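# Descriptive structure summary
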Amino acid sequence: MSEAAGTGERAGHGTELLVVGSANADLVVAVDRRPGPGETVLGSDLVVHPGGKGANQAVAAARLGARTALLARVGDDAHGRLLLESQRAAGVDTSAVLTGGAPTGVALITVDPSGDNSIVVSPGANARLRPADVRAAGGLLARARVVSVQLEIPPETVAEVARALPAGTRLVLNPSPPAALPPDVLAVCDPLVLNEHEARVLLGGGVGGSGGPGPGPQVPGSGPGPGPEDWARGLLALGPRSVVVTLGAAGALVAGPAGGERVPSPRVRAVDTTGAGDAFTAALAWRLGLGEDLATAARFAVRVGAAAVTRPGAQQSFPTADELPPATP
Ligand code: ADP
């Protein structure tokens, strides 16, 4: 199991961005109506897309021109080969992608005519990406300027990435799916990147509601209807070095100890927002690794997120550098 899928080339030499995360096959069936308990419905032909937040981020960065590597685990099966192929086609260094141990992770997605969907995720091989795999990839971590991680892999593996981070390598963490993070992981996030829903969960607002984060006790100074600036303050109080809250069409808010700044997104005609956050985070992480400050990197990342929503799908919607809309004046 643990066979690296690479060509023998030294993994990650001069890597600008290392993504440690999930790789899933998204299995999508369109239905007239999503089935209730005990019910069977007939749907469209199956469509299979490469997905998973780690794989998405790696493709997004590489397509922009970043020297990108992926540390992930896939099964020794057709879905795993599909994922490796999409990574390689985008130019991602896959020599640290591990194969075997479980079937490739899948997301089973039914989508109805209104666009509402029901999703079952089988983490599969993603759940077998272990702390030992991170330790074995220590050289790759050491050669990366930035490491980007999400929460579709085991929490102990995320914790090992934080622990193994060499001095001078920056960690970007997107807490998705949202879950509480231990203080030692939060302390090295620079930034913690999250959307409004994820912000709400981390601030203790619960998983089930809608709208922005609730005025929970962890939001300092929160009164009725706290805004993103309040969320960012509350999130910074949890310990990360900096925070970026993505705000959909409104762009993003970047915040650090010195204060916050709104970064508007270019106005585009949105057709499908799937993967926008992954594209944004990958772009942000890459540009931070090139030495840009947080606001400058976010001004680039909102253009990447905006471009991604103008086309359907996740990986297939991610832009190349010459497809980006101009920066908002
Ligand atoms: P997520 O995909 O995680 O829910 P967001 O919806 O906040 O995250 O989107 C991430 C980024 O993508 C935003 O910060 C923004 O730059 C861009 N984006 C998303 N939706 C739109 C939109 N409708 N118009 C323009 N940009 C968008």
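Now for a look at the structure at hand. (Residues numbered from 1 in each chain as written. Predicted model: local features only at pLDDT ≥ 70, side-chain atom pairs only at ≥ 80, totals over all residues. Heavy atoms only, no water.)

## Considering the packing of helix α9 (residues 276-289) against helix α10 (residues 294-308)
It is at 8 Å that the axes of α9 and α10 come closest, and there the two elements cross at 150°. Put simply, α9 runs roughly antiparallel to α10. Here α9 runs over α10; the crossing is right-handed. Of α10, the residues touching α9 (which contributes A276, A279, F280, A283, L284, W286, R287 and L288) are L294, A297, A298, F300, A301, V302, V304, G305 and A308. Split by residue class, the contact of α9 with α10 holds 15 nonpolar, one polar and one charged. (Axes fitted to C-alpha atoms, helices over the stretch in contact; angles between N-to-C directions. Helix = DSSP H or I, 4+ residues; strand = E, 2+ residues; numbered from the N terminus. Parallel < 35°, antiparallel > 145°, perpendicular 65-115°, else oblique. Left-handed = near helix turned anticlockwise from the far one by under 90°. Contact = heavy atoms within 4.5 Å. Nonpolar A, V, L, I, M, F, W, Y, C, P; charged D, E, K, R; others polar.)

## Describing the nonpolar core
By size, the foremost hydrophobic cluster in this structure holds 46 residues, and its most contacted members are V244, F280 and L284. Counting only elements with at least two residues in this core, the list comes to β2 (17-20), α1 (53-64), β5 (68-74), α2 (78-90), β13 (252-256), α9 and α10. Looking at this core element by element, the count peaks at ten residues for α10. Residues in contact with F280, not counting those within four places in the same chain, are V193, V244, T246, A252, A298, A301 and V302. Of all hydrophobic cores here, the second largest spans 41 residues; its members include V147, V161, L194 and L247. (Core = buried A, V, L, I, M, F, W, Y, C linked by side-chain atoms within 4.5 Å. Buried < 20%, exposed > 50% of the residue type's maximum accessible area, 1.4 Å probe, protein only.)

## Things to note about the packing of α1 against α9
Interhelical geometry of α1 versus α9 gives an angle of 55° and a closest axis separation of 8 Å. Compared by their axis directions, α1 and α9 come out oblique. Between α1 and α9 lies a crossing of right-handed hand. Touching K53, N56, Q57, A60, A61 and L64 of α1 are D278, A279, T281, A282, A283 and W286, all from α9. For the contact of α1 with α9, the per-class residue count stands at seven nonpolar, three polar and two charged.

## What to know about α2
An ideal rise of 1.5 Å per residue puts 18 Å on 13 residues; α2 measures up with 19 Å between its terminal C-alpha atoms. Taken as a whole, α2 has its buried residues at G80, L83, L84, S86, Q87 and A90. The buried residues of α2 occupy an angular sector of 160° when projected down its axis, which confines them to one face. Turned more than 90 degrees from where α2 packs its buried face, A78 and A89 sit exposed. As for α2, its buried residues are in contact with β3 (24-30), β4 (47-51), α1, β5 and β6 (97-99). Following α2 by one or two positions, G91 has its phi on the positive side, about 95°. (Expected span 1.5 Å × (residues − 1). Arc of directions from axis to C-beta.)

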